[in-house]
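Structural characterization, general
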Amino acid sequence: MANQDLINMQKMQLDVLNSIELGIVVLDRSFNILVWNQFMENHSGILPEAISNKSLFECFPEIDRNWFELKTKPVFDLNSPAFIIWEQRPFLFKFDSNRPITCASDFMYQNVSMFPMATNEDEVEQICLVVYDVTDEALNKQGIQTLNQELQNISRIDGLTGVFNRRHFDELFELEYKRICRSNADSSVIMLDIDHFKKVNDNHGHPAGDFIIKTLAKVVQFSIRETDVCGRYGGEEFVVFLPETNAENAVVVGQRIRKACEKLVPVYEETEIRFTVSVGIAQFEKSYTSPVDWMEKADQALYKAKNAGRNQVCIF
């Protein structure tokens, strides 16, 4: 009778292990697999009898043995639980996603809890791994992080041209101003805008004006270095911060932009719309009391170019 009760108890325990939506794996100190429940069988395609008493690392060579042994050491030696979360490592067992058609992931993200299984003498000869499918949670969190990044980018980027908007450019420029005040390195600011832009809007319409603004943004981006910072300052006006650049070299950049615009023949709805730009340049000086003061000097140089007949580059 006692034997039958033991058999019934073992059967009940096995039924419980196989019915829960969690992976249950029991390992001995040599990392041989002793228990492999229905969840693990379903997702691995490996029957319990086919994997029983086999090495975990032989059956799953993608598991880094050194890393896993370090992870399980406190479980065996200190009789203390340990955990693996998907942010540290996406999975322990590389299983396919539960829903390969509707799920955005090709594999199952997993959290794993590792518990000691101590004897009466408190010696841990076996550990139990509990594997949780956290794919939905992981994808949701990643989706939120991606959305936050996209929102952050939207808040920084001018929607029409793809360069930095004025608010973000001002933030970056203020940081650079503080850095240059300490280092006193040669740096310059270019301010430019489209000559007679109102005529473009009046003669061809605002969509054509937007097209010209986007065209200028592309010219500027093509004409500067990766380390330079470009922003749309408002309407048809752009600013470029040139680190490690004196006024003389900034003129070279300004002339490059001006000449490229002068030669360009943009076509909008089968209509050629030529345009030129005026460029003002201000090199950093210790006398500038703020980034706004520095920017105003570039603005004054721009107006100097306008007053001199436009399609010119002037230095403050």
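The notes below deal with the structure included here. (Residues numbered from 1 in each chain as written. Predicted model: local features only at pLDDT ≥ 70, side-chain atom pairs only at ≥ 80, totals over all residues. Heavy atoms only, no water.)

1. Quick look at the sheet that holds strand β2 (residues 33–36)
Rules: Only when DSSP finds a minimum of two bridges between them are two strands counted as paired. In this description a helix means any DSSP run of H or I spanning at least four residues, a strand means any run of E spanning at least two, and both kinds are numbered starting from the N terminus. Note on geometry: axes are lines fitted to C-alpha atoms, helical ones only across the stretch in contact, with angles between N-to-C directions running from 0 to 180 degrees. The criterion used for residue contact is that any of the two residues' heavy atoms lie within 4.5 Å.
Taken in spatial order, the 5 strands make up an open sheet running β2-β1-β5-β4-β3, and their pairing is antiparallel. The open sheet has two free edges, formed respectively by β2 and β3 (82–84), since each of these has just one partner strand. The average undirected angle you get between the axes of adjacent strands in this sheet is 20°. Pairing of strand β4 (residues 110–118) with strand β5 (residues 124–133) involves 9 bridges; the strand directions are antiparallel. For N111, the partnering residue across the bridge sits in β5 and is Y132. Contacting β1 (23–28), β3, β4 and β5, helix α5 (residues 65–78) crosses the sheet at an angle of about 120° to β5.

2. What about unusual backbone geometry?
This is how the line gets drawn: Remark: exposure states derive from per-residue accessible area (1.4 Å probe, protein chains only) relative to the maximum for the residue type, with buried under 20%, exposed over 50%, and partly exposed in between.
Despite not being glycine, F31 shows a phi value in the positive range, around 65°. Within the fold, F31 resides in the loop between β1 and β2. For E244, which is not a glycine, the phi torsion comes out positive at approximately 55°. Considering the arrangement of structural elements, one finds E244 in the loop between β8 (237–242) and α10 (247–263). A relative accessible area of 55% means that E244 is categorised as exposed.

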